[in-house]
Amino acid sequence: MNRLLEINDLSVTFSMEQAEIQAVKDVSLTIEVGETVAIVGESGAGKSQLFHAVLGLQAKNANLTGSARFQGRELLNVSNKVLNTVRGTAINIIFQDPMTALNPYLKIGKQLSEVLQVHERLNQQEARKRSINALAEVKIPKPEKCYNQYPHELSGGMRQRVMIAMALLTNPKLIIADEPTTALDVGVQTEIITLLKKAHNQNNTSIVLITHDVPLVAGLCDRLVVMYAGKIVETGKLDEIHNHALHPYTRALINATPNYSLQINSTGKLDTIAGNPPSPNEVIKGCAFAPRCELADKRCENESPELESINKTQSVACFHMSESQ
Amino acid sequence: MSLLEVKDLGVTFNGDVKALDNVSFTLNKNEILGVVGESGSGKSTLARCIIKLQNKSQGNIYWKESDIHTFSKAENKNYKKQLQMIFQDPLDALNPRMTVAQIIAEPLRYLKAGLTKQAVAQLTHDMFLAMGLSLEQLNRYPHEFSGGQCQRIGIARAMIIEPELLICDEPVSALDVSIQAQIINLLKDLKTESNLSMIFISHDLSIVRHICDRVLVLYKGKIQEIGETETIYQSPKSDYTKQLLASIPLHDPEEERQRINALVASSNSQEH
């Protein structure tokens, strides 16, 4: 196995006036070369914070501990100069909202060719040629025209394609796609996933897909990481988890997702997860999911379960996994 | 008798952009009609026409068989008592400077003026409980609530004047999966308990299948297809509906993988 990114005991803590808020709690995770991993969980689970920390994009009041090594090189708490040797070249990120990620004052072409001029020292003409090719690659109908347009002239789907073109420009080893399809129509969602899959197939690019949309991940990802309240609660091969999820939260999450290919069940109701996810400033003593969990007992309230390996691929953090089916 | 009838409705912007074109349908009592389509298809414009926030360019809308555009001031007020709306971004739709008790009671002040203070308090109180919120939160402000709770508050505000029609514009798209399911189940209960009709606007076709009795498919302002939910999902007639249904991610991982792989393969072959 060839390790691309190794995250060890990473925590992200925000110091606020009144208290400290821990958004990510001792997360360890390895991404192999050519691996496609989905990070799923609800808002506030810490999925974005984890990868923003890896790229040094955390907020100013964030305190990072642990380590994140990319091809053996430490990325946590290092200078921007060091970060910029991998950011924008070896690791690229695609954000949820392409309108805020693109500069509204600059033409698309300028924003794309700049990447190549800075990172690969190409001259303007070469950069233009490569950028237009990249736009064609992501199926933008008139790449030359798009090169000379401003972001506001494009639809949301087109803008997200531009973001993917930009992320692919430097042939990165790892692409972090942070909710890349959330703001888009279903048809466009499928196209975006298809483009990412294609990039993975062509260059063996590793992809981290951060999302709350569970059905969406199967088309792209082999492995699933489920996060809840800042921790990984379950990880394993996608099929393994789909067929045999061991954490009650994972099961509840899969069951609460409406299944379009099934008719309404006999009661006509969707399965729900009672209650709400804990708020970030809540002090959690035991398992964070315990207040919403049917299997929870005294031990769950007082002790926090550690992530334990079940077999080579699947791990789970739950005291009651043997009762799971 | 139909509750609402829309006939040949058209809305044109800037003289030539047709946001809605020849839209006709009826909504029955105690029915949930789904309106689906991609962004820009005219879903929200349709809702805005029905609540009279948007002027039509042509056609008519009938509420219980009378034309809503010929209503007098008093009839208009009466019409607005009978329909309410809930919105996509639940926090945005609540006034940040009012407590949730004030927010929920506000429609009563305008539409049911004359109720005593105690009666208003009682109604607010009951509505709060019916939405599964806890009473000690009544005097808090919207920012103290989660997205799902804010949507419950939005629904409480809509339901307090006992409307006959609830227009839901992407009511769960901004919510997490586990909370989505709670809100969908709540809306289903309201339909049964309050004999309510709904227009349910959404781009999420999986949710539409779970909650709607009939579905209307819009594309570029035109109705592509309208019919019973199961008929449309099992045997769609229009090509656009077929395309729309084919783009929903499948629940089974193996099937979804095959769907995307087929798309990647066809995209590669186009290039060679």
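Novice: Please clarify how the overall build of chain B should be interpreted in this entry.
Specialist: The helix and strand inventory of chain B stands at ten helices and ten strands. Relative to its length of 272 residues, chain B is compact, with a C-alpha radius of gyration of 20 Å against a globular reference of 19 Å. By principal-axis analysis of the C-alpha atoms, chain B measures approximately 75 × 45 × 35 Å. Counting every position in chain B, which comprises 272 residues, the buried fraction comes to 54%. Taking the contacts inside chain B whose residues are at least 6 apart along the sequence as the reference set, 67% of them involve residues at least 24 apart. Accessible surface for chain B amounts to roughly 12,300 Å². Of this, 48% is attributable to carbon and sulfur atoms. Between the centroid of the 29 positive side chains of chain B and the centroid of its 33 negative side chains there is a distance of 8 Å.

Novice: Explain the sheet that holds strand β9 (residues 214-219) of chain B to me, please; I cannot follow it from the model alone.
Specialist: Residue and element names in this part refer to chain B. Read from one edge to the other, the open sheet built from six strands follows the order β6-β7-β8-β3-β9-β10, with strand pairing classed as mixed. Single-partner strands in this sheet number two, and they are β6 (83-86) and β10 (222-228). The average undirected angle you get between the axes of adjacent strands in this sheet is 15 degrees. Where β6 lies against strand β7 (residues 165-169), four bridges are found, and the strand directions are parallel. Paired with L83 across the two strands is L165, which belongs to β7. On the sheet, helix α6 (residues 177-194) packs against β3 (32-36), β6, β7 and β8 (197-202) and is oriented at approximately 155 degrees with respect to β8.

Novice: Looking at this model, I keep getting lost on the nonpolar core. Mind explaining?
Specialist: The nonpolar side chains of soluble globular proteins are, as a tendency, buried together. Formed by 120 residues in total, the largest nonpolar core has its most connected members in L135 of chain A together with I155, L166, L187 and F200 of chain B. With eight residues, the top contributor of residues to this core is α6 of chain B. Both domains that furnish three or more residues to this core are identified here as domain 1 (31-52 + 66-82 + 165-272) and domain 2 (97-162) of chain B. Setting aside its immediate chain neighbours within four residues, I155 of chain B contacts I86, M131, I183, L186, L187 and L190 of chain B. Listed in part, the 37 residues of the second largest apolar core include V12, F14, A45 and V86 of chain A.

Novice: Teacher, can you tell me more about the interface of chain A and chain B here?
Specialist: Frequently, the measure chosen for interface size is the accessible area removed from exposure when the parts meet. Taken together, the contact between chain A and chain B spans 44 residues of the former and 44 residues of the latter. Interface of chain A and chain B: buried area, both sides summed, is about 4,000 Å²; carbon and sulfur atoms make up 55% of it. Where chain A meets chain B, there are one salt bridge. R257 of chain B is paired through a salt bridge with D239 of chain A; the nearest N and O atoms lie 2.7 Å apart. Along the contact surface separating chain A from chain B lie twelve residue pairs in polar contact (both at pLDDT 80 or more). Going through the elements one at a time, α8 (186-203), α9 (238-243) and α10 (248-256) of chain A are the ones with two or more residues in the side of chain A that touches chain B.

Novice: Can you help me understand the packing of helix α5 (residues 147-159) of chain B against α6 of chain B in this one?
Specialist: Working note: a packed helix pair is described by the angle between its axes plus the distance between those axes. Residues and elements named next belong to chain B. Closest axis-to-axis distance for the α5/α6 pair is 10 Å, and the angle between their directions is 15 degrees. The angle between α5 and α6 falls in the class roughly parallel. You can see that α5 and α6 cross each other, and the crossing is right-handed. Side by side, α5 and α6 meet where G148, Q151, R152, I155 and M159 of the first sit next to I179, Q182, I183, L186, L187, L190 and S194 of the second. Residues that form the contact of α5 with α6 fall into these classes: seven nonpolar, four polar and one charged.

Novice: Quick question: what am I supposed to make of the sheet that holds strand β1 (residues 2-13) of chain B here?
Specialist: Paired through backbone hydrogen bonds, the strands of a sheet run either parallel or antiparallel to each other. Residue and element names in this part refer to chain B. Spatial strand order, β2-β1-β4-β5: four strands in an open sheet with antiparallel pairing. What marks the edges here is a single partner per strand, and that holds for β2 (17-28) and β5 (66-67). Packed onto the sheet, helix α1 (residues 43-50) meets β1, β2 and β4 (58-63) and runs at close to 65 degrees relative to β2.

Novice: Whenever I open this one, the pattern of salt bridges confuses me. Can you help?
Specialist: A side chain with one charge can pair with a side chain of the opposite charge if their charged atoms come near. Following the criterion strictly, the structure yields 18 salt bridges over all chains and no others. In this structure, the salt-bridge partner of R161 of chain A is E191 of chain A, at a minimum N-O distance of 2.5 Å. Pair noted here: R161 of chain A is in helix α7 (residues 156-168) and E191 of chain A is in helix α8, with a separation of 30 residues, a long-range link. Given the relative accessible area of 9%, R161 of chain A is considered buried. For E191 of chain A, a relative accessible area of 36% puts it in the partly exposed group. Among the charged side chains, a network of salt bridges with common partners joins D239 of chain A together with E254 and R257 of chain B.

Novice: What am I meant to see in the packing of aromatic side chains here?
Specialist: Ring pairs (aromatic) are described by centroid distance and by the angle formed between their planes. Residues and elements named next belong to chain A. Applying the stated rule across the entire model yields six aromatic pairs over all chains. Their ring planes at 85 degrees and their centres at 5.3 Å tell us that Y228 and F289 sit as a pair that is edge-to-face. Taken together, the residues Y228 in strand β9 (residues 223-228) and F289 in the loop between α10 and α11 (298-302) connect sequence positions 61 residues apart. Assessed through its relative accessible area of 3%, F289 is described here as buried. A connected cluster of aromatic rings, assembled from ring pairs, spans Y228, Y249 and F289. The lysine or arginine in question, R128, covers the ring of Y147, its NZ or CZ lying 5.2 Å from the ring centre. Looking at R299, its charged tip hangs above the ring of F319, at a distance of 3.8 Å from the centre.

Novice: Quick question: what am I supposed to make of the domain arrangement of chain B here?
Specialist: Residue and element names in this part refer to chain B. You can read the domains of chain B as domain 1 (31-52 + 66-82 + 165-272) and domain 2 (97-162). A straight line from the C-alpha centre of domain 1 to that of domain 2 covers 27 Å. Between domain 1 and domain 2, the residue contacts involve 14 residues of the former and twelve residues of the latter. Counting each side, the surface lost to burial between domain 1 and domain 2 is near 1,100 Å², with a carbon and sulfur contribution of 73%. Taken as a group, K81, I183 and L186 account for 40% of the area that domain 1 buries against domain 2, more than any other trio of residues on that side. For the pair domain 1 and domain 2, the number of links is four residue pairs in polar contact (both at pLDDT 80 or more).

Novice: How should the packing of α7 of chain A against α8 of chain A be read in this particular structure?
Specialist: Residue and element names in this part refer to chain A. Where α7 meets α8, the closest approach of the two axes is 10 Å, and the angle between their N-to-C directions is 10 degrees. On the basis of the axis angle, α7 is roughly parallel to α8. Counting all contacts with α7, which are made through G157, Q160, R161, I164 and L168, the residues of α8 involved are V188, E191, I192, L195, L196 and A199. Taken together, the residues of the contact of α7 with α8 sort by class into seven nonpolar, two polar and two charged.

About the cut-offs
- Residues numbered from 1 in each chain as written.
- Chains lettered and ligands numbered in written order.
- Predicted model: local features only at pLDDT ≥ 70, side-chain atom pairs only at ≥ 80, totals over all residues.
- Heavy atoms only, no water.
- Helix = DSSP H or I, 4+ residues; strand = E, 2+ residues; numbered from the N terminus.
- Rg over C-alpha atoms; globule rule 2.2 N^0.38 Å.
- Buried < 20%, exposed > 50% of the residue type's maximum accessible area, 1.4 Å probe, protein only.
- Contact = heavy atoms within 4.5 Å.
- Areas by Shrake-Rupley, 256 points an atom, 1.4 Å probe, with all protein chains shown as cover.
- Lys, Arg positive; Asp, Glu negative; His and termini not counted.
- Charge placed at Lys NZ, Arg CZ, Asp CG, Glu CD.
- Pairing = 2+ DSSP bridges.
- Axes fitted to C-alpha atoms, helices over the stretch in contact; angles between N-to-C directions.
- Core = buried A, V, L, I, M, F, W, Y, C linked by side-chain atoms within 4.5 Å.
- Domains from an automatic or database assignment.
- Buried area = accessible area lost by both parts, 1.4 Å probe.
- Salt bridge = Lys/Arg side-chain N within 4 Å of Asp/Glu carboxyl O.
- Polar contact = N/O pair within 3.5 Å; in protein donor to acceptor, adjacent residues only side chain to side chain.
- Parallel < 35°, antiparallel > 145°, perpendicular 65-115°, else oblique.
- Left-handed = near helix turned anticlockwise from the far one by under 90°.
- Nonpolar A, V, L, I, M, F, W, Y, C, P; charged D, E, K, R; others polar.
- Phe/Tyr/Trp six-rings, centres within 6.5 Å; stacked < 30°, edge-to-face > 60°.
- Lys NZ or Arg CZ within 6 Å of the ring centre and 35° of its normal.

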